[in-house]
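Survey of secondary and tertiary structure
For reference, the chains in residue letters:
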Protein chains: 2
Amino acid sequence: MDAYEKLEKSRKRITESIAQNIHLYGLPPSAGRQFGMMFFENRPLTLDDMSAELGMSKTSMSTSIRSLSEAKLVDRVWERGVRKDLYEVKDDWYQIFVDMFTVKWRRAVSLHTAAIRKSLAELKELKKADDMTDELLAVIETDIEKLLYIREYYDWLDRLIDAFEDQKIFDLVPRLEEEA
Amino acid sequence: MDAYEKLEKSRKRITESIAQNIHLYGLPPSAGRQFGMMFFENRPLTLDDMSAELGMSKTSMSTSIRSLSEAKLVDRVWERGVRKDLYEVKDDWYQIFVDMFTVKWRRAVSLHTAAIRKSLAELKELKKADDMTDELLAVIETDIEKLLYIREYYDWLDRLIDAFEDQKIFDLVPRLEEEA
DNA sequence: TTGTACGTACAGTTTTTTCTGTACGTATTG
DNA sequence: CAATACGTACAGAAAAAACTGTACGTACAA
């Protein structure tokens, strides 16, 4: 094994490690491989570059680069004289984490909150129903209690996302370990 | 639509909302449905209960309850005189979030860190190789720089996980919004 | 204007994941 | 000691996701 092969092996280990954990970002392993490869290339790449490098179709590259882009793991960059789209990985992994966290959870909180609001309104209305029994009323009250509890939880989650988005999380957990 | 149907509709909305976001916990929608159903039942359930309630096989219930259990979303509970396994959802959603975060990310950090350590050692050794050229040496140095950077990042992530695990996150983002 | 290069929508295929039914090991009951 | 109840391993079926090749719309070049 020559030096170049050893270098490749070292890179491949890291890339595979990324590939096998990228599901935490909601992406399939191949997108992780794409990201890993781009991480070690020290230049923006075109879809054809990626296709050649990974031995996968250009269509796949196009699809997964969009996912990577939406998850804010890569940026499209521009270079004069180059007609093809160029992409490169973001270099601030702390920010990548914060962006992923923010994008994924904000969306979830939004969907959940809307559902809770609707159901709460329905249940409050339902309490007035003519055919209401004491038994059913008790169940409804319990459900309302549950919904109020999870609404409070989602409010906390929303504030947690704010703390990440506003970089306040770095006050709690500083980027650099203090020198001894 | 009678009152009971309206109640069901309200519950179903919440359950579906959970089902469609449970992928954030690395679980399939059906596990989310299972969790949602259990959330509204005010008693521990057996596998047969769940199977009947969701119209799915007992085998599936067994498999997904294990996933839910590993993700720390449900607990197995004991009741005297009952031979079947009983499960109920955890009632502290804040803690559920913290546990999920901790479990999933701790594992990722551990795997990544091991890979980085190995590759760093290899690259440092590789620098001494006989057939080393200036050009290749420069590439190796660049790779080492990259690995040192992401090692630092994973160290931060590890400390972030600590902050969740130690409940310090609730200092930064309190559970209850202060009264006005 | 015509020709060429590029990215992606779409349909079909392959691969992976989820779900089911059977069968079996263990534990409890009579 | 049976006999029964229970949970799950395992193999196959069904469903979902990922991947490919073709075809098309758009933009730039000549």
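Let us look at the interface of chain B and chain A. Counting residues at the interface gives 67 residues for chain B and 67 residues for chain A. Overall, the association of chain B and chain A removes approximately 6,100 Å² of surface from exposure, summing both partners, and the carbon and sulfur fraction of that is 68%. The three residues of chain B that bury the most area against chain A are Trp93(B), Tyr94(B) and Trp156(B), which together make up 11% of that side's buried surface. Connecting chain B to chain A are six salt bridges. Where chain B packs against chain A, one counts 26 residue pairs in polar contact (both at pLDDT 80 or more). A total of 19 residues in the side of chain B that touches chain A trace back to one element, the largest contributor, which is helix H6 (residues 134-165) of chain B. Its residues assigned to classes, the side of chain B that touches chain A shows 41 nonpolar, seven polar and 19 charged.

What follows is about the packing of helix H3 (residues 47-54) of chain B against helix H4 (residues 58-70) of chain B. All names here are of chain B. Axis separation between H3 and H4 bottoms out at 9 Å; the angle between their running directions is 115°. Comparing the axis directions of H3 and H4 gives the class roughly perpendicular. Crossing of H3 over H4 shows right-handed handedness. Between H3 and H4, the contacting residues are Leu47, Asp48, Met50, Ser51 and Leu54 on the first element and Lys58, Met61, Ser62 and Ile65 on the second.

What follows concerns the packing of aromatic side chains. Considering all chains together, one arrives at 41 aromatic pairs over all chains under this definition. Over the ring of Phe39(B) we find Lys146(A); its NZ or CZ atom is 5.1 Å from the centre of that ring.

This brings us to the protein's contact with DNA strand C. Not every one of the 15 residues close to DNA strand C is listed here, only the nearest: Ser62(A), Lys84(A), Asp85(A), Thr59(B) and Ser60(B). When atoms of DNA strand C within 4 Å of the protein are sorted by moiety, sugar and phosphate together comprise 74%. Interatomic distance of 3.3 Å between a side-chain N/O atom of Lys58(A) and a phosphate oxygen of DNA strand C. Contact between DNA strand C and Ser60(B): a phosphate oxygen at 2.8 Å from a side-chain N or O atom of the residue. Those elements that provide at least two residues to the surface near DNA strand C are helix H4 (58-70) of chain A together with H4 of chain B.

Taken together, 15 residues lie around DNA strand D, and Ser30(A), Ser60(A), Ser62(B), Lys84(B) and Asp85(B) are the ones closest in. In DNA strand D, atoms within 4 Å of the protein come from the sugar-phosphate backbone in 74% of cases. Within the backbone of Ser57(A), a nitrogen or oxygen atom sits 3.0 Å from a phosphate oxygen of DNA strand D. Here Ser60(A) contributes a side-chain N or O atom positioned 2.8 Å from a phosphate oxygen of DNA strand D. Elements with a contribution of two residues or more to the surface near DNA strand D: H4 of chain A together with H4 of chain B. Sorting elements by how many residues they give to the surface near DNA strand D places H4(B) first, with four residues. Residue composition of the surface near DNA strand D, by class: three nonpolar, six polar and six charged.

Residues and elements named next belong to chain A. Annotation of chain A at the domain level lists domain 1 (3-89) and domain 2 (93-172). Inter-centroid distance (C-alpha atoms) of domain 1 to domain 2 is 36 Å. At the interface, 10 residues of domain 1 touch seven residues of domain 2. Regarding the contact of domain 1 and domain 2, the summed buried area is about 710 Å², with carbon and sulfur atoms giving 71% of it. Summed over the shared surface of domain 1 and domain 2, the result is zero salt bridges. Counting across the domain 1 and domain 2 interface gives zero residue pairs in polar contact (both at pLDDT 80 or more).

Over its 13 residues, H4(A) extends 18 Å from the first C-alpha to the last, a length consistent with the 18 Å expected when each residue adds 1.5 Å. On its buried side, H4(A) packs onto helix H2 (29-40), helix H3 (47-54), strand S1 (74-77) and strand S2 (86-89) of chain A.

Another point: the relation of the copies chain B and chain A. Rotating chain B by 180° and moving it 0.0 Å along the rotation axis overlays it on chain A with an RMSD of 0.1 Å. The transformation relating the two chain copies, once decomposed into turn and shift, fits a two-fold axis. Identified as the residue of chain B closest to the rotation axis by C-alpha distance is Leu172(B), at 3.5 Å.

About the criteria used
Within each chain, residues carry numbers counting from 1 in the order of the written sequence. Lettering of chains starts at A and numbering of ligands starts at 1, both following the order in which they are written. In view of the model being predicted, local features appear only for residues whose pLDDT reaches at least 70, and side-chain atom pairs are presented and counted only at 80 or more, with totals across whole chains, interfaces and linings using the full set of residues. Side-chain metrics in this entry use all non-hydrogen atoms of the structure; hydrogen atoms and water are not considered. Throughout, a contact is declared for two residues whenever any of their heavy atoms are within 4.5 Å. In short, buried area is how much 1.4 Å probe accessible area vanishes from two parts on joining, totalled over both. Any Lys or Arg side-chain nitrogen found within 4 Å of a carboxyl oxygen on Asp or Glu counts as a salt bridge. Under this definition, polar contacts are N or O atom pairs within 3.5 Å; protein pairs additionally need one hydrogen-donor-capable and one acceptor-capable atom, and for neighbouring residues in sequence, both atoms have to be side-chain atoms. Numbering of helices and strands runs from the N terminus; a helix is a DSSP stretch of H or I covering at least four residues, while a strand is a stretch of E covering at least two. In the scheme used here, Gly and all other residues not listed as nonpolar or charged are polar, with Ala, Val, Leu, Ile, Met, Phe, Trp, Tyr, Cys and Pro taken as nonpolar and Asp, Glu, Lys and Arg as charged. In this description, a line fitted to the C-alpha atoms serves as the axis of each element, helices being fitted only across the stretch in contact, and the angle between N-to-C directions of two axes falls anywhere from 0 to 180 degrees. The cut-offs work like this: below 35 degrees is roughly parallel, past 145 is roughly antiparallel, 65 to 115 is roughly perpendicular, and the gaps in between are oblique. Each crossing gets its hand from how the near helix is turned against the far one by less than a right angle, where anticlockwise is left-handed and clockwise is right-handed. In this scheme Phe, Tyr and Trp rings, the latter by its six-membered ring, pair at centre separations within 6.5 Å, and the angle between planes marks the pair as stacked below 30 degrees, edge-to-face above 60, and tilted otherwise. Each ring is checked for a lysine NZ or an arginine CZ that lies within 6 Å of its centre and within 35 degrees of its normal; such an atom marks a charge sitting over the ring. Definition of nearness: a residue and a molecule or strand are near each other if at least one heavy atom of the residue lies within 4 Å of the molecule or strand. How far each domain reaches was decided by an automatic or database domain assignment. In a helix, the anticipated span is given by 1.5 Å times the number of residues less one. The least-squares superposition of copies is restricted to C-alpha atoms, and to residues with a pLDDT of at least 70 in both copies.

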